[in-house]
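Understanding the architecture of this molecule
So you can see what is in the structure, the chains are spelled out below.
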Amino acid sequence: MPFPLSPLALTSALCAIDSRNPSLVPGAPAEREAALYLANVLDEWGFAVTTHEIAPQRVNVVARIGPAGVAPLVFNGHLDVVGTDGMAHAPFTPDVHEGNLFARGSTDMKGGIAAMCVAAARAAQRGALHRELVIAAVCDEEFASIGTSALLADGLAATGAIITEPTRLAVVPAHKGFAWLTVTVHGRAAHGSRYDVGIDANRMAARFLAAIDRYDTDRLGTRTHPLLGRASVHVPLIEGGSGWSTYAERCTVKLERRTLPGEEAALVLAEVQALVNALHDEDARFSATVELGGSQPPLETAATHGLVTSLVSACRAHGLPGDIEGLYCWTDAALFAHAGIPAVCFGPGDIARAHSATEWVEVAQLEAAADVLETVVAAPVD
């Protein structure tokens, strides 16, 4: 008997499978089992399904349905979840209580995957598809996005992408990006009594931190976006010194810079390097190197784009407000946009519950998301 066309049933089944990301949790099982399970369900529902092992145990599911090559639209979501330490409920034993489904991944984002798959299958089974739909359930979004990156590198062609991240059923055409930088402040090691020889890297780093504080307040505070608020920077990690009686030879400062549309990683690097250069000009003893680590671009799709307006209209057709909002966090949507595929986020659940000790999704939102997405894909193609 085929698996029921129920977003609650599919969310529960996927959440019962441990798909913790091994790049975040050493020894975790990864996405393979969840991917193969979903592939079997989609095959039962009439999709043309393929699986792709991107790395050992790291598997993408790509499923297609509808008229091949006609205005293909992608539904994208990630199968990996974060760790479960400290959770207040059983992470992989889905439990429905007072209208909410509790489990790790319920809101981030197996609920979204279930809603998009059910929406596509329902539309196909009633003969309402006027375009090709591509379901892409990918690995590793929570760490390096190797799943979506591989999907796009293979030359995926699409007119648009809806990423079913938890948005509380708001339509989200914009989110922030980020850049990680490592600033290594150099001192000169010496005995703690030799003020005439030693240069304290930690105290020099304090000057840099004061400069970062001014930069965040005076410059980033003036850069704003109507959906995303202001640009920002914070200092998540500092490490320096080797002992009580030794001048610190080195102090390492890690920065995370959250970027707005129009801000590239190269700009972030140049601005932090300018802060370092200015401190050196003030005092030649100040010496530091700046390195750019990981970065991902922000997302911005015009509110007037057809993908956005179709989602808003479908929401309102189902009694939802169809609000247009922004996300402060990053998603794979930006990778689609960077590849030239307009992208929007829309899905059940609240991102505020992601990665938390208590994670749940509203059962009503699962069904509402599937209804909205079914309406979108059943609309005539211009």
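Presented here is an overview of the structure given in this document. (Residues numbered from 1 in each chain as written. Predicted model: local features only at pLDDT ≥ 70, side-chain atom pairs only at ≥ 80, totals over all residues. Heavy atoms only, no water.)

Here we come to the overall build of the chain. Each helix and strand in the chain was counted, giving nine helices and 18 strands. In terms of overall dimensions, the chain has a C-alpha envelope of 80 × 40 × 40 Å along the principal axes. The buried share among the 382 residues of the chain stands at 52%. Within the structure as shown, the chain displays about 16000 Å² of accessible surface, and the carbon and sulfur contribution to it stands at 53%. Considering the chain, the positive charge centre built from 26 side chains and the negative charge centre built from 43 side chains are found 7 Å apart. (Helix = DSSP H or I, 4+ residues; strand = E, 2+ residues; numbered from the N terminus. Buried < 20%, exposed > 50% of the residue type's maximum accessible area, 1.4 Å probe, protein only. Areas by Shrake-Rupley, 256 points an atom, 1.4 Å probe, with all protein chains shown as cover. Lys, Arg positive; Asp, Glu negative; His and termini not counted. Charge placed at Lys NZ, Arg CZ, Asp CG, Glu CD.)

Let us now look at the sheet that holds strand 13 (residues 250–259). As summarised here, the arrangement of the four strands in space is 12-13-9-14, forming an open sheet in which the pairing is antiparallel. In this open sheet, the two strands that pair with only one neighbour each are strand 12 (232–240) and strand 14 (287–296). Across the sheet, the axes of successive neighbouring strands diverge by a mean angle of 20°, strand direction being ignored. One ladder, built from 10 bridges, connects strand 9 (residues 177–186) with strand 13; its direction is antiparallel. Counterpart to T184 in the pairing with strand 13 is T252. (Pairing = 2+ DSSP bridges. Axes fitted to C-alpha atoms, helices over the stretch in contact; angles between N-to-C directions.)

Quick look at the pairing of strand 13 now. By the bridge criterion, seven bridges tie strand 12 to strand 13 in an arrangement that is antiparallel. From the neighbouring strand, G240 faces strand 13, where its bridge partner is C251.

All right, on to helix 3 (residues 106–125) then. Across the 20 residues that make up helix 3, a large majority, 18, are buried. Directly beyond the C-terminal end of helix 3, a positive phi value near 70° is found at G127.

Size it by volume and the largest pocket reaches roughly 430 Å³. Lining the largest pocket are 20 residues, with E141, E142, R258, W330 and H355 sitting closest to its centre. At the level of secondary structure, the elements contributing two or more residues to the lining of the largest pocket comprise strand 9 and strand 13. Here the second largest pocket is characterised by a volume of approximately 280 Å³. Along the walls of the second largest pocket sit 13 residues, with R131, G306, L307, S310 and D382 positioned nearest its centre. Per-element tally for the lining of the second largest pocket: the top contributor is helix 7 (residues 306–317), with three residues. Split by residue class, the lining of the second largest pocket holds six nonpolar, five polar and two charged. (1 Å grid on protein atoms, 1.4 Å probe; cavity = no way out; pocket = protein on both sides within 12 Å on 5 of 7 lines; lining within 4 Å. Points joined across faces, edges and corners; volume = space filled by probe spheres on them. Nonpolar A, V, L, I, M, F, W, Y, C, P; charged D, E, K, R; others polar.)

Let us now look at the packing of aromatic side chains. For the structure on display, the rule yields five aromatic pairs. Seen in terms of ring centroids, F178 and W330 are 6.3 Å apart; in terms of plane orientation they differ by 85°. Their pairing is edge-to-face. Of the two residues, F178 is situated in strand 9 and W330 in the loop between strand 16 (324–327) and helix 8 (333–338); the sequence distance between them amounts to 152 residues. In this pair, the class of F178 matches that of W330, namely buried. Counting every residue linked through ring pairs, the aromatic cluster contains F3, Y37 and W45. (Phe/Tyr/Trp six-rings, centres within 6.5 Å; stacked < 30°, edge-to-face > 60°.)

Time to look at the pairing of strand 7 (residues 160–163). Across the two faces of strand 7 the burial is the same, with G160 and I162 and A161 and I163 all buried. Pairing between strand 3 (residues 73–78) and strand 7: four bridges, direction parallel. Bridging from a neighbouring strand, N76 pairs with I163 of strand 7. Judged from the three bridges that link them, strand 7 and strand 17 (residues 343–345) form a sheet pairing that is parallel.

Quick look at the side chain of R122 now. Residue placement: R122 occurs in helix 3. Its relative accessible area of 18% is what places R122 among the buried residues. Not counting residues within four places of it along the chain, the set of residues in contact with R122 comprises L5, P7, E367, A370, D371 and E374. (Contact = heavy atoms within 4.5 Å.)

A separate point is the pattern of salt bridges. In total, this model carries 21 salt bridges according to the counting rule given. E263 is the salt-bridge partner of R257, the closest N and O atoms lying 2.8 Å from each other. Each member of the pair R257 and E263 is classed as buried. (Salt bridge = Lys/Arg side-chain N within 4 Å of Asp/Glu carboxyl O.)

Core analysis: the biggest nonpolar cluster contains 53 residues, and W45 and F346 have the highest contact counts within it. Elements that contribute at least two residues to this core include exactly helix 1 (7–15), helix 2 (32–44), strand 2 (58–65), strand 3, helix 3, strand 6 (133–138), helix 7 and helix 9 (363–378). Broken down by element, this core gets its largest block of residues, 10 residues, from helix 3. Contacts of W45, omitting those with residues within four sequence positions, involve F3, P4, L5, L10, I65, C117, V118, A121 and Q125. (Core = buried A, V, L, I, M, F, W, Y, C linked by side-chain atoms within 4.5 Å.)

Turning our eyes to something else, we now look at the packing of helix 5 (residues 201–219) against helix 6 (residues 265–282). Following both chains from N to C, one finds helix 5 and helix 6 inclined at 130°, their axes separated by 10 Å at the closest point. Our classification of the angle between helix 5 and helix 6 gives oblique. Once helix 5 is placed against helix 6, the crossing between them reads as right-handed. Where helix 5 abuts helix 6, its residues R207, F208, A211, I212, Y215 and R219 lie against E271, V272, L275, V276 and L279. By residue class, the composition of the contact of helix 5 with helix 6 is eight nonpolar, no polar and three charged. (Parallel < 35°, antiparallel > 145°, perpendicular 65-115°, else oblique. Left-handed = near helix turned anticlockwise from the far one by under 90°.)

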